[in-house]
Amino acid sequence: MKTFENKLDQIENSNLYPFHMPGHKRRPINSQLASAYVRDITEIDGFDNLHHPTDFIRLEEEFAAKLFGADESFYLINGSSCGILAAIQSISNAPGRLLVARNCHKSVFNALYLTGKEADYVYPEWNETYPFNGSACVDQIEKMIRQGSYAGVVLTSPTYEGIVSDIEKICALAHSYHIPVVVDEAHGAHLGIWGGDGFFPKSAIQCGADIVIQSTHKTLPAMTQTALLHVQGDLVDRKVLKHHLTIFQSSSPSYILMESISDALHFCAEKKHELAEAYKKQLEDFYNKTISLKNLYLFSNQNMQDSFAYDFDPGKLVICIRDNIDMTGKQLGCLFREKYQLQMEMEEEHYVIAMTSVMDTKEGFQRLLTALWETDRELSDKLSDRKRENGYITKKRPFPYSGTRLTIRDAMGSQSREYILKDAKDKISAEFIYLYPPGIPLIVPGEQITQEVLDYLTEKDDAGLSIQGPAKIDQGIIACVSDE
Ligand SMILES: Cc1ncc(COP(=O)(O)O)c(C=O)c1O
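A quick note: this is a predicted structure, and the numbers were derived from the prediction, not measured.

## A short note on the domain arrangement of the chain
Where the parts come together, the accessible area they lose is often given as the size of the interface. For the chain, the domain assignment lists domain 1 (1-47), domain 2 (50-256), domain 3 (272-382) and domain 4 (408-481). Averaged C-alpha coordinates put domain 2 and domain 4 at centres separated by 27 Å. Domain 2 puts 14 residues into the contact, and the matching count from domain 4 is 15 residues. At the boundary of domain 2 with domain 4, total buried surface from both sides reaches about 1200 Å², with 60% on carbon and sulfur atoms. Considering only the surface of domain 2 that becomes buried against domain 4, Arg 102, Lys 106 and Tyr 113 emerge as the three largest contributors, covering 45% of it. On inspection of domain 2 and its partner domain 4, the count reaches seven residue pairs in polar contact (both at pLDDT 80 or more). Per-element accounting of the side of domain 2 that touches domain 4 gives the leading share, seven residues, to helix H5 (residues 106-115).

Right, here's the structure in full:
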């Protein structure tokens, strides 16, 4: 069953004249993208409707639900972002606040802005060894759920760095209070197919989450903007969820994008075992061949401390720079790009991330391995006097604290005044501030800008990272809630 492919083949080979959108009328203006143009149609007769699927789109969504083990699945063509907005709206009618992991993607905070719902944040685990956030702290969530009154829990797992939280335990806990759990699994669509096999962590659906959103374009072979939303159980009002999907999804969904989701899912389902075996072998080889690096190291289940992270997705190659080395992640990423023609997904202050998928080639892994080993050898000359015994990095908290003073909506709706960032200490921000990537807000409107946040931003700016959010950030200006 590859209905999208069949249907779009049919239209590509037909003589049907398109007196309908899109305006290119299926006549390619770019020969490289020729087949995309001839297959790009709209909801004409016989092509079903994403917003009210009764025919093949419905069958394809049922196929997705079966593959991922969900009760129902929905194709998303506006990325995980639109699924997150719809998911949070759908749980926000219930009384109570939302319990939200503070290291969520900005789309979660945009949803809070839209719903006007108040949130209590749970900060991620951290320790001095690793330069990034750990799992969501289960003890803290348990305490908050027992003491508070929540409409829902919203978490990100895996994170950009592949850190997985104990979703099973959190769901059991939340469900005992009839609280639904939404998991942003944007980085874990592959876990939905291969997770829980002892190599890849279980997917959030397997762990019992009520709504799970996955970007198929991130870790499965589907086009940019494609994603899935899965739902299970009876804690979520599906009518409200579906209604919000129609609000946040385009009313002209691209059949090319939908076909791409369908192709990716059928491809992975048909070659499920073959793809998994080859991918796991590539990754295992890669981790084995990088164990004895001296100046760089790969974060892995082997060197991970239990208190820091519950589990880790080995598909994320998190290449860290030891503290005794005078080099930033930005510089390492630049070196990989310029000397080895290898583009990393993300360059942080102390590490870079290489994202992998079942589509990576042996040659790709080999080139990265060569780059790692050559660089590691050359880095021995760059020893700094920050040397530590075990060579690991001693870090400040990878996520600075900033207390909430106003809701996002109130802060954004207030009179504001512009401040030079360094003079904004103790002011209440009226804007988001985040590093991009990963797009996790360091400051959410309504939060107080602490010295810890300002120091953190200075450090990241010095390391060449991109600070975004405030309209005038290029001039170092941030809008804060006016004191008058
Ligand atoms: C953790 C996380 N959640 C959600 C998103 C949004 O996903 P999408 O780009 O598919 O809208 C991202 C994007 O990078 C992300 O990193």
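## Let's talk about the sheet that holds strand E11 (residues 316-321)
Ordered by their spatial adjacency, four strands build an open sheet running E9-E11-E13-E12, and the pairing between neighbours is antiparallel. The two strands at the open ends of the sheet, each matched to only one other strand, are strand E9 (296-298) and strand E12 (346-347). By the bridge criterion, three bridges tie E9 to E11 in an arrangement that is antiparallel. Following the sheet pairing, Leu 296 is matched in E11 by Ile 321. Across the sheet, helix H12 (residues 272-290) is in contact with E9 and E11; its angle to E11 comes to roughly 15°.

## Concerning the packing of aromatic side chains
Enumeration according to the criterion identifies 22 aromatic pairs in this entry. Ring centres of Tyr 17 and Phe 19 lie 4.6 Å apart, and the angle between their planes is 55°; this geometry places the pair in the tilted category. For the pair formed by Tyr 17 and Phe 19, the shared burial category is exposed. Note on Phe 199 and Phe 200: the rings are 5.0 Å apart at their centroids and 85° apart in plane angle, and the pair reads as edge-to-face. Phe 200 shares its class with Phe 199; the two are buried. Of the aromatic side chains, those joined through ring pairs into one cluster are Tyr 130, Phe 132, Phe 299, Phe 308, Phe 312 and Tyr 351.

## Quick word on the confidence of the model for the chain
Per-residue confidence for the chain gives a mean pLDDT of 94; residues scoring 70 or more make up 97%. Under a pLDDT of 50 for its full length, residues 387-393 has, in the predicted model, 19 contacts with residues more than four places off or in other chains.

## Concerning the side chain of Asp 313
Tracing the backbone shows Asp 313 in the loop between strand E10 (311-312) and E11. Engagement of the side chain of Asp 313 in a polar contact is seen with the side chain of His 190, the distance being 2.8 Å. The contact partners of Asp 313, leaving out residues within four places of it in the chain, are Gly 162, Val 164, His 187, His 190, Leu 191, Phe 200 and Pro 201.

Reading the values: the criteria
Residues numbered from 1 in each chain as written. Predicted model: local features only at pLDDT ≥ 70, side-chain atom pairs only at ≥ 80, totals over all residues. Heavy atoms only, no water. Domains from an automatic or database assignment. Contact = heavy atoms within 4.5 Å. Buried area = accessible area lost by both parts, 1.4 Å probe. Polar contact = N/O pair within 3.5 Å; in protein donor to acceptor, adjacent residues only side chain to side chain. Helix = DSSP H or I, 4+ residues; strand = E, 2+ residues; numbered from the N terminus. Pairing = 2+ DSSP bridges. Axes fitted to C-alpha atoms, helices over the stretch in contact; angles between N-to-C directions. Phe/Tyr/Trp six-rings, centres within 6.5 Å; stacked < 30°, edge-to-face > 60°. Buried < 20%, exposed > 50% of the residue type's maximum accessible area, 1.4 Å probe, protein only. pLDDT = per-residue confidence, 0-100.

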